[in-house]
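Fold and contact review
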Amino acid sequence: MRYQPENGQELCEAVRLARDLIRIESTNPGAGEGKMEAYIRDYLSGCGALVQTQEVLPLRSNVIATIEGACKSPMLVFSCHMDTVVFGKDWSLDPLGGQMKEGRLYGRGACDMKSGLACALTVFKKTALAVQSGRIRLKYPLRLLCSVDEEGQMRGITHALCQDMVGEKDWVLDLEPTDGEIQMAHKGRLWLEIQVHGITAHASRPEQGADAVAAAAETIHEIRSVFQTFSRHEKLGRPTVTFGQIQGGYQPYVVPDECRIWADLRLTPPTDDRQALKAVDQAVQTAMKQIPGVRIEYQITGNRPYVEINEQSVLLGHLQKAVCEVTGQNLEAGVFPGYTDSAVVSGLLGNRECMSYGPGDLKYAHKPDEFVEMNDIERCERVLEALISRMLKAV
């Protein structure tokens, strides 16, 4: 189905739907996903699919819709998150306006990832209605998983996995913005909170204390030095470490007795979390020797493994053929710069059939005047239709 807006420009259904979704605030933190959940349930009402909700947090629920197939598994799972980051400053357009201008659709979440969600919703509903009417039958089930909190702690997808909504053998495609590419590999993500305990003293007599900030600096230096020695992966590059936040001290003339550091470690093969933590342990021991009297401890606040490309993936092969059918492009699998819900599925379940392909370019996500090219949405919608026809053997 196509739509005729006021300016006479013809829109595919996914573009119209993306505009509607942009106009619903679902910031995280902020408004949350409640209105998105209600809209999606209403949109899918009557299409014949089984639609479920699962409360993850108060007033924040995943929406899961399923079309049964002749076989129970594996399923093709479209994974999309409903939340966006906050608006931020310096917008020249209304973040909730869904304005269309020169072939682009603007608004918060335009590319990350309400346009991808719109593509998945549109194709899912079309498929459900075709199955309901008896025009087609599916050999394998199709599931749409709309999650909460992807822009936070990814509690939505984690809850879905705990409820067995996705399995180890399922084919999982998230609709994150990939700029026309198929992206499968991810750096691992290890988050640490490092606490340094010192001894307070007057700054004129520092020998009577133990400087927690100085020890934190030594720790940072040592970790950075070790990370520079780690091997580079052909596709994922070298492991990196970022110290995104630090707190400590009271006054310039007081030796600080507390300091806290938050570290983001991105890991690539062959460096795994054990090797990274060994480097952190060595750095901590060195810092405590350099600044006598301090005590350093740390907590792991997040740990996700890296994901490598699986060239033998069944989903990858079908997706490559669907993309070629629609666009004429022959794509190789590449790297997603961040960490997605599908990467969580791969990391927690060991599922090697997870990847990303969606409209938009990630470099415009989370920025003022976020946008997506409207023809990019239409292209993605057509690829998903081709994928279902090819992979689920609709007849």
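My aim in this report is to walk through the structure given alongside it, one point at a time. (Residues numbered from 1 in each chain as written. Predicted model: local features only at pLDDT ≥ 70, side-chain atom pairs only at ≥ 80, totals over all residues. Heavy atoms only, no water.)

1. What to know about the overall build of the chain
Counting its regular elements, the chain contains nine helices and 19 strands. Along the longest, intermediate and shortest principal axes, the C-alpha atoms of the chain span 85 × 45 × 40 Å. Looking at the 395 residues of the chain, the share that counts as buried comes to 54%. Counting only contacts in the chain whose residues sit at least 6 apart along the sequence, the fraction spanning at least 24 positions is 77%. Element-wise, carbon and sulfur atoms account for 47% of the exposed surface of the chain, whose accessible area totals about 17500 Å². Here the chain carries 43 positive and 52 negative side-chain charges, and the mean point of each set is 3 Å from the other. (Helix = DSSP H or I, 4+ residues; strand = E, 2+ residues; numbered from the N terminus. Buried < 20%, exposed > 50% of the residue type's maximum accessible area, 1.4 Å probe, protein only. Contact = heavy atoms within 4.5 Å. Areas by Shrake-Rupley, 256 points an atom, 1.4 Å probe, with all protein chains shown as cover. Lys, Arg positive; Asp, Glu negative; His and termini not counted. Charge placed at Lys NZ, Arg CZ, Asp CG, Glu CD.)

2. Concerning helix α6 (residues 273–290)
Over its 18 residues, α6 runs 26 Å from end to end, which matches the ideal 26 Å to within 8%, given 1.5 Å per residue. Considered for burial, the residues of α6 that qualify are A276, L277, A279, V280, A283, V284 and A287. Mapping the buried residues of α6 onto a view down its axis gives an arc of 150°, with all of them on the same face. In this structure, α6 carries R274, K278 and K289 as exposed residues pointing more than 90 degrees from its buried face. The secondary structure elements touched by the buried residues of α6 are β11 (188–197), α5 (212–227), β15 (258–267) and β16 (295–304). For α6, the side-chain oxygen to backbone nitrogen distance between the N-cap and R274 is 3.2 Å, and the N-cap itself is D272. (Expected span 1.5 Å × (residues − 1). Arc of directions from axis to C-beta. Polar contact = N/O pair within 3.5 Å; in protein donor to acceptor, adjacent residues only side chain to side chain.)

3. Comments concerning the sheet that holds β16
In space, the four strands of this open sheet follow the order β13-β15-β11-β16, with antiparallel pairing throughout. Looking at strand neighbours, the two that pair on one side only are β13 (240–248) and β16, the edges of this open sheet. Neighbour to neighbour, the strand axes of the sheet diverge by 15° on average, direction disregarded. Bridging between β11 and β15 involves 10 bridges; their strand directions are antiparallel. Counted as the bridge partner of W191 is D264 from β15. (Pairing = 2+ DSSP bridges. Axes fitted to C-alpha atoms, helices over the stretch in contact; angles between N-to-C directions.)

4. Description of the layout of surface pockets
There is about 310 Å³ of room inside the largest pocket. What lines the largest pocket is a set of 16 residues, among which E150, E151, G338, Y339 and H366 lie closest to the centre. (1 Å grid on protein atoms, 1.4 Å probe; cavity = no way out; pocket = protein on both sides within 12 Å on 5 of 7 lines; lining within 4 Å. Points joined across faces, edges and corners; volume = space filled by probe spheres on them.)

5. Structural notes on the packing of aromatic side chains
The tally for this structure, following the rule as stated, stands at four aromatic pairs. A centroid spacing of 5.2 Å and a plane angle of 85° characterise the contact between Y140 and W171, whose relative ring orientation is edge-to-face. Residue Y140 is located in the loop between α3 (110–133) and β8 (142–147), and its partner W171 is located in strand β9 (residues 171–174); the two are separated by 31 residues in the primary sequence. The two residues Y140 and W171 agree in class, both being buried. On the basis of an interplanar angle of 40° and a centroid distance of 4.4 Å, the ring pair of Y364 and F371 is categorised as tilted. Classification of F371 by relative accessible area gives buried; the value is 8%. Each residue in the set Y106, Y364 and F371 is aromatic and connected to the rest through ring pairs, giving one cluster. Residue placement shows K125 over the ring face of Y43; its charged tip is 4.2 Å from the ring centre. (Phe/Tyr/Trp six-rings, centres within 6.5 Å; stacked < 30°, edge-to-face > 60°. Lys NZ or Arg CZ within 6 Å of the ring centre and 35° of its normal.)

6. Focus: the sheet that holds strand β6 (residues 100–101)
Pairing between sheet strands relies on hydrogen bonds along the backbone, with the strands arranged either parallel or antiparallel. Read from one edge to the other, the open sheet built from three strands follows the order β6-β7-β19, with strand pairing classed as antiparallel. Both edges of this open sheet fall to β6 and β19 (371–373), since each of them pairs with a single strand only. As paired strands, β6 and strand β7 (residues 104–106) are joined by two bridges and run antiparallel to one another. Looking at the pairing, M100 lines up with L105 of β7. Relative to the sheet, α3 contacts β7 and β19, its axis offset from that of β19 by approximately 50°.

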